Amino acid sequence: MTFPKVVTVAKEQYPKSVKKEIKYGTAGFRSNAAELDFVLYRMGLLATLRSQDTGAAIGVMITASHNPVADNGVKLVDPAGEMLAAAWEVHATTLVNAPDDSLDVVLQEIANKAGIDVGKKAMVIVGRDTRPSSEHLRNAAVTGVETAGGQVWDLGIITTPVIHYIVTCHNDGGKYGEPTMEGYYQKISKAFVKLRADGASNGKYEPEILFDGANGVGALAMEEFVGHIGKALNTTRYNKGDGILNHMCGADFVKTQQRWPGGVPEQAGIRCVSVDGDADRIMYSFIDASGKYLMLDGDKIATLVAGYLQELLSASGLKLKLGLVQTAYANGASTEYIQKKLGVPVSCAKTGVKHLHHEAQQYDIGVYFEANGHGTVMFSQAAKDAIRAAAQAKNSSAEKLSGVMDIINETVGDAISDMLFVETVLHARGWSAADWNNAYTDLPNRQMKVTVADRSVITTTDAERVCVTPVGLQDTINKLVSGFSKGRAFVRASGTEDIVRVYAEAPTQEETDKLAVQVACAVHDQAGGTGDRNAILSSFA
Ligand code: NG1
Ligand code: ZN
């Protein structure tokens, strides 16, 4: 047998403890941390096989991102820093649902299918967030890798974007950057400091922020950055780990509650940056001179940075194709602004970073962002070559573009790198947060969750904007939407929670809430709702 100890170790140390089928979704496997031991062991096994398959190092990140501290999760990172290939998501699901007894057979079947020589060397790079359960789960993953004959490089506690960066750099021989944490901090912060060498203040821009670390690993990463960026940006840091992870703070709290984060003293006129529990999402908060709270989300960031890149691009004279990728959750006002006002083409992708990432590759410079603050910018090789050559030739806009390229972590959404990019754009424009916010006004919007017996009855098409099944549901949604001037609504099954999500937009918040409630009731009625219909009806009463 090729995998001699796999079954024994599983039975003795990491027996399968969950009976229900679980699926590798948009964020890998995620659940209560107590149910994950066997999953992590098995993902260690699988990562080893994937490493043998690709002849490159594979990443294993242990985190449940913005979810509560009692949860945890695991996602695999492919050789070029991308999300795991779709075929391997299927292997992951098969392996995790197999009985302990047949793990060796299932592994062999995967190896056969993929044509893997299992005697080959394997390298797995493991990282984890600050959750108390993460260390224990790391041990399970490491045991998995070693039992399958692979070698482990344990990065310890790190952010999701850093593991993507290190996997990328390790596999490309250091072309993208030096494959160490220090290499990562240096690359980004040097470029940031250089771009504001003439002075950190400019017009209405002040180099000062409040930083909400969500009591997670982002807080630790920020401490490192502070040492590297010095006076270029003055940061006051909160939620550094003294409170509960993601609780009443962090990017997800700010986005879903549209409120100033807890644990950060309210201060008018100073930008507040919130990251999530693994630092791949970012949100800005701001209280303006009149005391009004403003939330600047992924759409605001995407339009800000795409507008700036377009300006630099046209000033440089380089003929490169720039585009923005959003999802159906992007605020309609942001799409209209970027398309009509700035003339930047927009594509709509399915929810989940891998879909956005893929879509962004059709552009020379592809900006992609989810409204929840997960996003980055990708440059094609041709774009990189053209920009660097023009920068060498002292084209000043290309020099700026080249600097910006180094601030951005292309490998995945990276909260702190995104923050430094936003700060760079605001600085270049001499803008306050209020100026930034004034570019366009968000349409009122509302998200709701509906519980149904089986969320897979909801299927969609057209980047999730049209519901295909249950048959008739889309007709109902169309009718409801037509009751509002300029309304928009769609429904889809969540990939990370056992729910159906409803999204609605309309000219006023009152109408938006009404539309959301009507659509949620339609889902409840036509897709097998299991919750309390009256509770849906009285949601915003
Ligand atoms: P689901 O649960 O599939 O909607 C959520 C987010 C995604 C993405 C994933 C992974 C929304 C509406 N959905 O997915 O954007 O971030 O989690 O974390 O925000
Ligand atoms: Zn995250």
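Residues numbered from 1 in each chain as written. Chains lettered and ligands numbered in written order. Predicted model: local features only at pLDDT ≥ 70, side-chain atom pairs only at ≥ 80, totals over all residues. Heavy atoms only, no water.

1. Some details on the UniProt feature "binding site: substrate" (unreviewed entry) in the protein
Stage number 1. Here, UniProt's "binding site: substrate" (unreviewed entry) annotation points to Glu370, Ala371, Asn372, Arg492, Ala493, Ser494, Gly495, Thr496 and Arg501.
Stage number 2. Residue position: serine 494 is located in the loop between β18 (488-493) and β19 (500-505).
Stage number 3. Its location among the elements puts glycine 495 in the loop between β18 and β19.
Stage number 4. Once you skip the residues sitting within four places of it in the chain, glycine 495 turns out to touch Gly25, Thr26 and Arg455. (UniProt positions renumbered as here; feature names shortened; annotations may be inferred. Helix = DSSP H or I, 4+ residues; strand = E, 2+ residues; numbered from the N terminus. Contact = heavy atoms within 4.5 Å.)

2. What to know about the site of ligand 1
Stage number 1. Taken together, 15 residues are adjacent to ligand 1, and Arg492, Ser494, Gly495, Thr496 and Arg501 come closest.
Stage number 2. The contact in question runs from an oxygen atom of ligand 1 to an N or O atom on the side chain of arginine 501, over 2.6 Å.
Stage number 3. When the free accessible area of ligand 1 is taken as 430 Å², the share hidden by the protein chains comes to 89%.
Stage number 4. In terms of residue class, the shell around ligand 1 is made up of 2 nonpolar, 8 polar and 5 charged. (Near = heavy atom within 4 Å. Polar contact = N/O pair within 3.5 Å; in protein donor to acceptor, adjacent residues only side chain to side chain. Areas by Shrake-Rupley, 256 points an atom, 1.4 Å probe, with all protein chains shown as cover. Nonpolar A, V, L, I, M, F, W, Y, C, P; charged D, E, K, R; others polar.)

3. Description of the sheet that holds strand β4 (residues 123-128)
What links the strands of a sheet is backbone hydrogen bonding, and the strands pair in either a parallel or an antiparallel sense.
Stage number 1. What the 5 strands build is an open sheet, ordered β1-β3-β2-β4-β5; its pairing is mixed. Each end of this open sheet is capped by a strand with a single partner; those strands are β1 (29-32) and β5 (151-157). Direction aside, neighbouring strands of the sheet carry axes that sit 15° apart on average.
Stage number 2. Sheet strands touched by helix α6 (residues 160-171): β2 (58-62), β3 (71-77), β4 and β5. Its angle to β4, the strand with the most contacts, is close to 160°. (Pairing = 2+ DSSP bridges. Axes fitted to C-alpha atoms, helices over the stretch in contact; angles between N-to-C directions.)

4. Observations regarding the coordination of the zinc ion (ligand 2)
Stage number 1. Distances from the zinc ion (ligand 2) to its protein donors, Ser65 (OG), Asp276 (OD), Asp278 (OD) and Asp280 (OD), fall at 2.0 to 2.1 Å.
Stage number 2. If you look at the zinc ion (ligand 2), its 4 donor atoms make angles of 85 to 171° with each other, and the shape they trace is irregular.
Stage number 3. As a motif over one chain, the donors of the zinc ion (ligand 2) read S-x210-D-x1-D-x1-D. Taken together, the positions of serine 65 in the loop between β2 and β3 and aspartate 278 in the loop between β8 (271-275) and β9 (282-287) put the pair 213 residues apart, joining distant regions of the chain. (Donors = N, O, S within 2.8 Å, 3.2 Å for Na, K, Ca; no water. Tetrahedral: all angles 85-135°; square planar, octahedral: opposite > 155°, others 65-115°.)

5. Quick notes on the environment of valine 325
Stage number 1. Along the chain, valine 325 falls in strand β11 (residues 322-327).
Stage number 2. In this structure the C-alpha to C-alpha distance between valine 325 and histidine 358, which are 33 residues apart in sequence, comes to 9.6 Å.
Stage number 3. Here valine 325 is in contact with Ser347, Ala349, Leu356, Glu359, Ala360, Tyr363, Val367, Tyr368 and Phe369, once residues within four sequence places are set aside.

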